[in-house]
Amino acid sequence: MSARGGNPAAAGRVASSHPSYGDLGRNRDFRLFVLASVFMGLGACVNSASFNNYLRDRFAIGIAQRTFLEFPRELPGFLVSFTVGILAMLGEVRIAAIAAALAAAGMLALGWIPSSFVLMVGAAFIYSSGQHIFMPISNSIGMSFASSGKEGSVLGRIQSSTTIALVTGTGILLLLFKFAHISYKAAYSAGALSFVAAAVCLALMAPIKREGTTRRFVVRREYSRFYAISVLYGARKQLFITFGPWMIVDLFKQSVSTMTLLFFIVSIVGIFLKPAIGKLTDRFGPRKVLGAEALITVALCMIYAFSPELLPPGTALVVVAACYICDQALDSVSMTRSIYARKIVLSVQDLAPTLSFGISIDHIVSMTLPMLGGLIWRSSGNLGYRWVFLGGATVALANFALTRGMKESPTAQRD
């Protein structure tokens, strides 16, 4: 039986070579991990700021094709539990390095392929594979540096450092798009180089050693609420990945420089919001933070649904853009879901495979829901978007109801 307390070694979390929370700033591996996270964020900002415009400008696609693309783009997320399980013996740090290399290859391909929809889908699949593998592994690695009860502060600190770099990178990208009129090829090449730098930093890290046997796949009845929350998150996240930005790009006809500016603002907000969410999670627990996020999402969905019709076009654009900023910023709460998983796992060896499985099942929804939403959007006339966002509000209410039954006290761990 492993103890669960302030001593990371006693909890079976990490080897004794990792320092306590107060010593994190002096730890070489921690600094390398933060730097790798920064480079991963810089690479991702290129895609986040420009992908919808890239699709419209290079492939002239409509809402039906855009939402269809979410199936192959999100398929790696569904497969991530199996992928991480297969690679489990390499260790989390090496898996993260492989993920960064895959993201680099996919992003480079996106910039250099000819205007072929099939090739673009293949490149997006490779890029997405790297990103989705990195998601659960990065949170597991980040929490391995934290003592018990400080997981939120550590993850917030890591993500805040990443976001400061995002502000710089997105600001530069905005200036280059707006004034230098750089090509997508140049932007995506720079993003690929950033992912390569992340892979190098991760390759230089020492492997994390955990007590016990490495587990490839974990599915437990005790984690069923975490799985349910993951499924609802798969539906909710399409609002800020697909439908929110597509409304701005397609309905309001905004350019890539506008979307980059909005992502720049999101990054600035994240500098302060991410560490705040981490501290709030440590103080109040995942239940209250996830519940508050669900209620805010309901309000955002209602504004998305009704403001384009009820407000003058210019005002509506500003309001929808503000919703997009809030919507993107709220994705910082994903760290709270990871912390909730950390609190309920029966053994620390379950953490990485549980986070991976959570991503896999959330992608069962996120692969299929966009096509349904796109069909509703296209077939319901000029107000088709309204029904999509009202559906999002319903999902958020269900998520709020689910958080009410979350247990605040940690589950006793066992090896």
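Computed from a predicted structure; not experimentally measured. (Residues numbered from 1 in each chain as written. Predicted model: local features only at pLDDT ≥ 70, side-chain atom pairs only at ≥ 80, totals over all residues. Heavy atoms only, no water.)

### Some words on the overall build of the protein chain
Then comes step 1: Along its length, the protein chain carries 14 helices and zero strands.
Then comes step 2: Start at the N end of the protein chain and walk to the C end: the helices and strands fall as α-α-α-α-α-α-α-α-α-α-α-α-α-α.
Then comes step 3: Taking the intrachain contacts of the protein chain between residues at least 6 apart in sequence as the baseline, contacts between residues at least 24 apart amount to 87%.
Then comes step 4: For the protein chain, the exposed surface amounts to about 16100 Å²; the carbon and sulfur share of it is 68%. (Helix = DSSP H or I, 4+ residues; strand = E, 2+ residues; numbered from the N terminus. Contact = heavy atoms within 4.5 Å. Areas by Shrake-Rupley, 256 points an atom, 1.4 Å probe, with all protein chains shown as cover.)

### As for the packing of aromatic side chains
The relative placement of two aromatic rings is captured by the distance of their centres and the angle of their planes.
Then comes step 1: One pass over the full model with this rule turns up twelve aromatic pairs.
Then comes step 2: Considering the side-chain rings of F51 and Y54, the 6.0 Å spacing of their centres and the 20 degrees angle between planes classify their relative orientation as stacked. Remark: Y54 and F51 occur in helix α1 (residues 28–59); sequence separation between them is three residues, near one turn of the helix. Of the two residues, F51 and Y54, neither departs from the other in class, the shared state being buried.
Then comes step 3: Of the aromatic side chains, those joined through ring pairs into one cluster are F51, Y54, F59, Y184 and Y188. (Phe/Tyr/Trp six-rings, centres within 6.5 Å; stacked < 30°, edge-to-face > 60°. Buried < 20%, exposed > 50% of the residue type's maximum accessible area, 1.4 Å probe, protein only.)

### Observations concerning the packing of helix α8 (residues 238–251) against helix α14 (residues 384–403)
Then comes step 1: In contact at an axis separation of 12 Å, α8 and α14 are set at 155 degrees when each is read in the N-to-C sense. Judged on the interaxial angle alone, α14 and α8 are roughly antiparallel. Crossing angle aside, the handedness with which α8 passes α14 is left-handed. Of the residues in α14, those touching α8 at L239, F243, G244, M247 and L251 are Y385, V388, F389 and G392.
Then comes step 2: The residue makeup of the contact of α8 with α14, split by class, is seven nonpolar, two polar and no charged. (Axes fitted to C-alpha atoms, helices over the stretch in contact; angles between N-to-C directions. Parallel < 35°, antiparallel > 145°, perpendicular 65-115°, else oblique. Left-handed = near helix turned anticlockwise from the far one by under 90°. Nonpolar A, V, L, I, M, F, W, Y, C, P; charged D, E, K, R; others polar.)

### Observations regarding unusual backbone geometry
Then comes step 1: The phi torsion at K253 lies on the positive side, around 55 degrees, for a residue other than glycine.
Then comes step 2: With respect to the element layout, K253 can be found in the loop between α8 and α9 (256–284).
Then comes step 3: The exposed category is assigned to K253, whose relative accessible area is 60%.

So yeah, pure geometry; function would need other evidence.
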